[in-house]
Amino acid sequence: MLKLRLDPYIVHNETDLLAAAMHIDRYVMDAITRLDDYCSGIQSLAIQTFQQFKRSKMALNNKVKVDKEVPGDEVTSNMEEIFTCNEQMEEKADTPTLRLQRLCACCDQSYSFYQAIIETTIDNAIMLAAKELASSAHDRIDILRQALGNECGCECEGSGCQKSSG
């Protein structure tokens, strides 16, 4: 199966970045909801993600209202493809452990996505927004590590989770 990744090169402005961030946050919140009964230690992750989602939504609404700027077609298309792929993978993740591994992978991939934007953009506003989002994504990884340890099947070290080899 084709593994879709968030593409940092589709982010052409801050609006694109905020739209992508909202998609990521929405997926994380949905993943946490599916784990509620299994993982009581991730409530702080839910709270942190919801707060980040609200900040991104307010900033995006302001961009749309004030700057009359809407997310580009590339962002919308990439997010729809990833959403469809995630739905298919969620259907296969039929145990709490597999769902937890998907959540860890999502947090790690979002951190990598924001880092790639930081490294490739020449726009200062995009870079600053990506740094804030990367920090938030890193915090999520730390929350998962503290709450769950290796229970998720990942070895959470440094900037993200890596699937354990055995």
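Values in this document were obtained by computation on a predicted structure and should not be read as measured data.

1. What about unusual backbone geometry?
Peptide bonds are mostly trans, and most non-glycine residues show a negative phi.
Piece 1. Unusually for a residue other than glycine, Lys-68 sits at a positive phi of about 55°.
Piece 2. One can find Lys-68 in the loop between helix 2 (43-67) and helix 3 (73-92).

2. Quick notes on the state of the cysteines
Piece 1. Inspection of the entire model under this criterion finds zero disulfides.
Piece 2. Unpaired in this structure, Cys-106 has its nearest cysteine sulfur neighbour in Cys-107, at a distance of 5.5 Å.

3. Quick look at the side chain of Asp-16
Piece 1. In this structure, Asp-16 sits in helix 1 (residues 14-35).
Piece 2. For the buried residue Asp-16, which engages in no salt bridge, the nearest side chain bearing the opposite charge is Lys-63, 11 Å off.
Piece 3. Of note is the side chain of Asp-16, whose polar atom sits 3.0 Å from the backbone nitrogen of His-12.
Piece 4. In contact with Asp-16, not counting residues within four places along its chain, are Ile-10, Val-11, Val-70, Pro-71, Gly-72 and Val-75.

4. Focus on the confidence of the model for the chain
Piece 1. Of all residues in the chain, 83% have pLDDT values of 70 or greater, and the mean over the chain is 80.
Piece 2. Least confident of the elements in the chain is strand 2 (residues 160-163), whose mean pLDDT is 40; most confident is helix 5 (residues 124-148), at 89.
Piece 3. Low pLDDT, under 50, characterises residues 155-166; the stretch is placed with 26 contacts to residues that sit more than four places away or in other chains.

5. With respect to the pattern of salt bridges
Piece 1. Following the criterion strictly, the structure yields five salt bridges and no others.
Piece 2. As a salt-bridge pair, Arg-55 and Glu-132 come within 3.8 Å of each other at their nearest N and O atoms. Taken together, the residues Arg-55 in helix 2 and Glu-132 in helix 5 connect sequence positions 77 residues apart.
Piece 3. The exposure class of Arg-55 is partly exposed, given its relative accessible area of 40%.
Piece 4. With its nearest N and O atoms 3.1 Å apart, the salt bridge here joins Lys-63 to Asp-67. Of the two residues, Lys-63 and Asp-67 both sit in helix 2, four residues apart, roughly one turn of that helix.
Piece 5. Taking the relative accessible area as the measure of exposure, Lys-63 reaches 18% and is therefore buried.

6. A few points about the nonpolar core
Piece 1. Within the largest apolar cluster, 37 residues are counted, with the highest numbers of intra-cluster contacts made by Leu-17, Leu-103, Phe-113, Tyr-114 and Leu-144.
Piece 2. Residues contacting Tyr-114, with those up to four places away along its chain left out, are Leu-17, Ala-21, Ile-24, Ala-130, Leu-133, Ala-134 and Ala-137.
Piece 3. Listed in part, the five residues of the second largest apolar core include Leu-18, Met-22, Met-29 and Phe-53.

Reading the values: the criteria
- Residues numbered from 1 in each chain as written.
- Predicted model: local features only at pLDDT ≥ 70, side-chain atom pairs only at ≥ 80, totals over all residues.
- Heavy atoms only, no water.
- Helix = DSSP H or I, 4+ residues; strand = E, 2+ residues; numbered from the N terminus.
- Disulfide = S-S within 2.5 Å.
- Buried < 20%, exposed > 50% of the residue type's maximum accessible area, 1.4 Å probe, protein only.
- Lys, Arg positive; Asp, Glu negative; His and termini not counted.
- Salt bridge = Lys/Arg side-chain N within 4 Å of Asp/Glu carboxyl O.
- Polar contact = N/O pair within 3.5 Å; in protein donor to acceptor, adjacent residues only side chain to side chain.
- Contact = heavy atoms within 4.5 Å.
- pLDDT = per-residue confidence, 0-100.
- Core = buried A, V, L, I, M, F, W, Y, C linked by side-chain atoms within 4.5 Å.

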